[in-house]
Amino acid sequence: MSATAIASVSQEVTSDLADKLLYYMLMMRELEDRIELKLYRQGKIVGGCYTGRGQEAIPSGSAVLSRPDDYLCPSHRDMAAFLIRGMTPREVLAQYLGRVTGPTGGRDGNMHMGCARRHLLPIISSIGASIPVANGIALAMKYRGEPNVVFNYWGDGATSRGDWHEGLNFATVQKLPIVYLCNNNLYAYSTPLEKQMVVKNVADRASAYGMPAEIVDGNDVFAIFDASRRAVAHARNGLGPYLIECKTFRVSGHSAHDAADYVPQHVREEWSKKDPILRLQKDMVERGWATEQDFRQVRQGVLEEIDDAVNWALEQPFPDPATLEEGVYEVI
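Residues numbered from 1 in each chain as written. Predicted model: local features only at pLDDT ≥ 70, side-chain atom pairs only at ≥ 80, totals over all residues. Heavy atoms only, no water.

Right, let's talk about the overall build of the protein for a bit. What the protein contains, in helices and strands, is eleven helices and eight strands. Computed over C-alpha atoms, the radius of gyration of the protein comes to 19 Å, within 12% of the 20 Å expected from 2.2 N^0.38 for 332 residues, which places it in the range of a compact globule. Out of the 332 residues in the protein, the part that is buried amounts to 54%. Total accessible area on the protein stands at roughly 14,700 Å², and carbon and sulfur atoms take up 52% of it. (Helix = DSSP H or I, 4+ residues; strand = E, 2+ residues; numbered from the N terminus. Rg over C-alpha atoms; globule rule 2.2 N^0.38 Å. Buried < 20%, exposed > 50% of the residue type's maximum accessible area, 1.4 Å probe, protein only. Areas by Shrake-Rupley, 256 points an atom, 1.4 Å probe, with all protein chains shown as cover.)

Right, let's get into the packing of helix 5 (residues 130-144) against helix 6 (residues 162-174). Closest axis-to-axis distance for the helix 5/helix 6 pair is 9 Å, and the angle between their directions is 15°. Relative to helix 6, the element helix 5 is oriented roughly parallel. Relative to helix 6, helix 5 is oriented so that their crossing is left-handed. Between helix 5 and helix 6, the residues in contact are Ile131, Pro132, Asn135, Leu139 and Lys142 and Asp163, Trp164, Gly167, Leu168, Phe170, Ala171 and Gln174, respectively. For the contact of helix 5 with helix 6, a count of residues per class yields seven nonpolar, three polar and two charged. (Axes fitted to C-alpha atoms, helices over the stretch in contact; angles between N-to-C directions. Parallel < 35°, antiparallel > 145°, perpendicular 65-115°, else oblique. Left-handed = near helix turned anticlockwise from the far one by under 90°. Contact = heavy atoms within 4.5 Å. Nonpolar A, V, L, I, M, F, W, Y, C, P; charged D, E, K, R; others polar.)

It is worth spelling out the environment of Ala206 at this point. Note on placement: Ala206 falls in helix 7 (residues 203-206). Taking the C-alpha atoms as reference points, Ala206 and Glu304, separated by 98 residues in sequence, lie 43 Å from one another. If near-sequence neighbours (up to four positions away) are discounted, Ala206 is found in contact with Met211, Ala213 and Leu243.

Of all five residues making up strand 7 (residues 213-217), four are buried, and the element is well covered by its neighbours. The pairing of strand 7 with strand 8 (residues 242-247) spans five bridges and is classified as parallel. Counted as the bridge partner of Asp217 is Lys247 from strand 8. (Pairing = 2+ DSSP bridges.)

The next subject is the packing of aromatic side chains. Under the defined criterion, the tally for this structure stands at five aromatic pairs. For the ring pair Trp154 and Tyr180, a centre distance of 6.1 Å and an interplane angle of 45° mean the geometry is tilted. With Trp154 in strand 3 (residues 150-155) and Tyr180 in strand 4 (residues 178-184), this pair connects stretches of sequence that are 26 residues apart. With a relative accessible area of 0%, Trp154 lands in the buried category. For Tyr180, a relative accessible area of 0% translates into the label buried. (Phe/Tyr/Trp six-rings, centres within 6.5 Å; stacked < 30°, edge-to-face > 60°.)

Roughly 310 Å³ of volume is contained in the second largest pocket. What lines the second largest pocket is a set of 22 residues, and nearest its centre among them are His76, Ile127, Gly155, Gly157 and His254. Looking at the lining of the second largest pocket, the elements with two or more residues in it are strand 3 and strand 5 (187-188). Taken together, the residues of the lining of the second largest pocket break down into eight nonpolar, ten polar and four charged. (1 Å grid on protein atoms, 1.4 Å probe; cavity = no way out; pocket = protein on both sides within 12 Å on 5 of 7 lines; lining within 4 Å. Points joined across faces, edges and corners; volume = space filled by probe spheres on them.)

Laid out in C-alpha cells, this is it:
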C-alpha cells in the first residue's frame with residue numbers, strides 16, 4: 001500500500017471555513033511571536049520556548065475537523081490544535097508564564113501543556129513517545145465502542161524512534177481509530193531529513209505496516225483539510241489508522257535558543273515564499289472571499305486579544321509551594 005500525493009481539490013471549502021482557518025493560523029503565529037520574540041527575551045517565560053512558525057496550516061487544517069469527544073495529541077509545534085479545542089490565549093499565556101491559572105496550575109512548563117476535559121493530551125517531550133499513548137487512547141475508544149478518533153501529531157524526527165515503528169504496527173494490527181499527522185519540517189533539531197532515512201518520504205514508511213498514507217503540501221491549509229477529512233472518515237468508519245505526511249519547513253530554529261545556522265540560506269529563501277498564511281490570504285482574495293482590508297482587521301483583532309491575554313496572565317499569581325503535592329495525577 002503506497003503513499004499517494006493528492007492535490008487540493010476540496011468540494012467542502014467555504015468562505016466561513018476559510019475565515020475560521022485564517023483566524024486560528026493568525027492567532028497561532030501572533031501568539032507564538034509574542035511569546036518568543038518578546039516575553040521569552042524579557043525573561044518572563046518559564047522553561048524553553050518552541051514554536052511552529054511556518055507550520056500553522058497543519059494543526060489548523062486538521063484539528064478543525066475534530067469533534068468534542070475526539071482526542072488530540074499535539075506536539076510542541078501545534079498551538080492551533082489547543083486553540084481549536086477551546087484553550088484561550090489567556091490560559092496559554094498563563095501556562096507559559098508558570099501561573100496558577102494555566103492548564104497545569106503552574107506545575108509544568110509550556111512543553112507539557114494539556115487539558116483532560118478538552119481531550120488534549122499533554123505534550124510529551126520525546127515526541128515519538130506520544131504514539132503508544134495515543135494508541136492506548138484509541139484502543140480504549142474502540143473497546144468502548146465509541147465512534148471517536150484520535151489525532152496524533154509529530155515531526156519527521158519521531159519516525160526514527162523505535163516506539164514510532166512499534167506504535168504504527170500495533171495500530172494497524174488492532175485497526176485503531178487514529179489519524180497520524182507528520183509535521184515534516186525537514187529537520188529533527190539540527191539533523192536534516194536525508195541523514196535520518198534513505199526513503200524519500202516519511203509516508204513511505206507507513207506502507208511497511210499496511211497503513212494508508214497521503215503526502216500533502218503542508219503549507220496549503222485546504223490540502224491539509226481535504227486529506228484530514230479523508231483520514232478521519234477512514235478511521236471513524238472502523239477501517240483503522242491513516243497517516244498524513246505534511247511537507248513543510250521549520251522557519252525558526254528548533255527552539256528560541258537555536259539560531260539554526262545549519263540551515264542553508266537558499267533553503268530559507270525558498271520556503272519564505274511559501275508562507276501558509278499569505279498563501280491562504282491570496283487564495284481567499286482570488287475566490288472573492290476577502291480583501292486586504294479584511295485581513296488587516298482580523299489581524300488587529302487578534303493582536304488586541306493577545307494584548308488582553310498578556311495583561312491578564314501577568315497579573316495571575318504563581319502557585320503556592322504548599323500545594324506542591326496536589327494534582328499529581330489526573331483521572332480521565
